[in-house]
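# Notes for the structure review
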Amino acid sequence: MVDKGKRKSGAEAPLVTFALFAYNQEQYVREAIEAAFSQDYENLEIVLSDDCSEDNTFAIMEECAAGYSGPHRVILNKNENNLCTLNHFFKVADLASGELIVLSAADDISVSERVSVTVGAWQETGVSALFSDYSLIDEEGVVVNEKYSPGNHSRMIERVFGRACEYEIHGASSAYDVSFVRSLPRPDARFLFEDSYMTFMLNLFCRPYHKIDDALVFYRQHASSLSNNLRPCDIENEKSRNLALLGPYKNRYEMSLFLYEFALKNPTSGFNKDEYVKQIGFFKCKSEWFEWDLYSRVKFLLSKDSYPEFNRWMIPRLFGLNFFVFLKVSKSWAVERLRSFFSGQ
């Protein structure tokens, strides 16, 4: 693992890998690749990696790579089988020649100075990982929020690892020290959330990381993305969206079990296993709550293992999926009506 001190800057610019990850994103991938090619950092290799897409995503990657004549080295990769997000991340980390790997999803757009700013912060701080604020865009690329900060300081990290004022990393704007990534265990299971995995490992091993207070990515919100904040449009669509989230929630719960077992076998002074067991219970709740009856939901709400943030999540869902969706759509409708009223439309 690398030293935690500051790195050399200036003329000794390290080789960096910009990794663009894609899966069935033919609609957006060309724009993401163009953003990768426009990076103003000179000592850069670009990996265009497709996780065995079923559409034309990789064909577009090939076309863009063939037509590129810029200064960066371009590497094409298509996985023979779909690896899922976390193992795809490890696969590309193994392909990387850079000391730092900057991650980008094929439906997002990086600003041209993203790598330069990230490398500057990395050299200045000596951290093992970085991420930044971002701008939110919709399906058409229209900016809906110019500067969005991904979350607040995590109470989970404070409780489980005893590290106050830390964030949970947001994968869309993340970058990692490659040597640290390669030192980590490779799960056999198909896990979706590489940012949650890396947040856990960084804190387990007391590795520093840093949030850059600049919007370096245009983060796209659309209906097919796992994490989006799109306003609900109608009851049936919102109900379907919430049911579709149960799979990712279950995947997150299963990954938490893997992380827990790993932490028990690799104990560190900061890890509080009892607190993480409570987190595991919450992940389990999020994957099963719609199957519970009212008594079970109330029981969870009143449990000694519950926290205010758990309660805030559960209270709107106490009376089941249909009632929760009705509340959510009604709230969205009311907000839109108020916005239209005050804007004079």
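What counts and what doesn't
- Residues numbered from 1 in each chain as written.
- Predicted model: local features only at pLDDT ≥ 70, side-chain atom pairs only at ≥ 80, totals over all residues.
- Heavy atoms only, no water.
- Helix = DSSP H or I, 4+ residues; strand = E, 2+ residues; numbered from the N terminus.
- Rg over C-alpha atoms; globule rule 2.2 N^0.38 Å.
- Buried < 20%, exposed > 50% of the residue type's maximum accessible area, 1.4 Å probe, protein only.
- Contact = heavy atoms within 4.5 Å.
- Areas by Shrake-Rupley, 256 points an atom, 1.4 Å probe, with all protein chains shown as cover.
- Lys, Arg positive; Asp, Glu negative; His and termini not counted.
- Charge placed at Lys NZ, Arg CZ, Asp CG, Glu CD.
- Pairing = 2+ DSSP bridges.
- Salt bridge = Lys/Arg side-chain N within 4 Å of Asp/Glu carboxyl O.
- pLDDT = per-residue confidence, 0-100.
- Disulfide = S-S within 2.5 Å.

### Quick notes on the overall build of the protein
- What the protein contains, in helices and strands, is 13 helices and 9 strands.
- A compact globule built from 345 residues should have a C-alpha radius of gyration of about 20 Å, and the protein, at 21 Å, falls within 12% of that.
- Overall, the protein is about 60 × 55 × 40 Å in size when its C-alpha atoms are taken along their principal axes.
- Taken over 345 residues, the protein has a buried fraction of 50%.
- Expressed as a percentage of contacts within the protein between residues at least 6 apart in sequence, the contacts between residues at least 24 apart total 77%.
- Accessible surface, the protein: about 16800 Å² in total, of which carbon and sulfur atoms supply 52%.
- Here the protein contributes 38 positively and 48 negatively charged side chains, and the mean placements of these two sets differ by 8 Å.

### What to know about the pairing of strand 9 (residues 209–220)
- Pairing between strand 5 (residues 109–110) and strand 9: 2 bridges, direction antiparallel. Counterpart to isoleucine 109 in the pairing with strand 9 is phenylalanine 218.
- Where strand 6 (residues 129–137) meets strand 9, 8 bridges bridge the pair, whose relative direction is parallel. Of the residues in strand 9, the one forming a bridge with leucine 130 is histidine 210.

### Brief notes about the pattern of salt bridges
- All told, the structure shown has 14 salt bridges when counted by the stated rule.
- Between lysine 328 and glutamate 238 there is a salt bridge, with its nearest N and O atoms 3.1 Å apart. One end of the pair, lysine 328, is in helix 13 (residues 321–343); the other, glutamate 238, is in helix 8 (residues 235–244), and 90 residues separate them in sequence.
- Since its relative accessible area comes to 28%, lysine 328 is described here as partly exposed.
- As a salt-bridge pair, glutamate 275 and lysine 278 come within 3.8 Å of each other at their nearest N and O atoms. One end of the pair is glutamate 275 and the other is lysine 278, both in helix 10 (residues 273–288) and 3 residues apart, which spans about a single turn. Each of the two residues, glutamate 275 as well as lysine 278, counts as buried.
- One salt-bridge network, held together by shared partners, links Asp133, Lys147, Lys211 and Asp213.

### Details of the confidence of the model for the protein
- Predicted confidence across the protein gives a mean pLDDT of 90, with 91% of residues reaching 70 or more.
- Of the regions scoring below 50 in pLDDT, residues 1–5 engages in 15 contacts with residues more than four places distant in sequence or in other chains.

### Topic: the state of the cysteines
- Tallied over the entire structure, the rule returns 0 disulfides.
- Among the cysteines around cysteine 52, which has no disulfide bond, cysteine 84 carries the closest sulfur, lying 13 Å off.
- We classify cysteine 52 as partly exposed; its relative accessible area is 24%.

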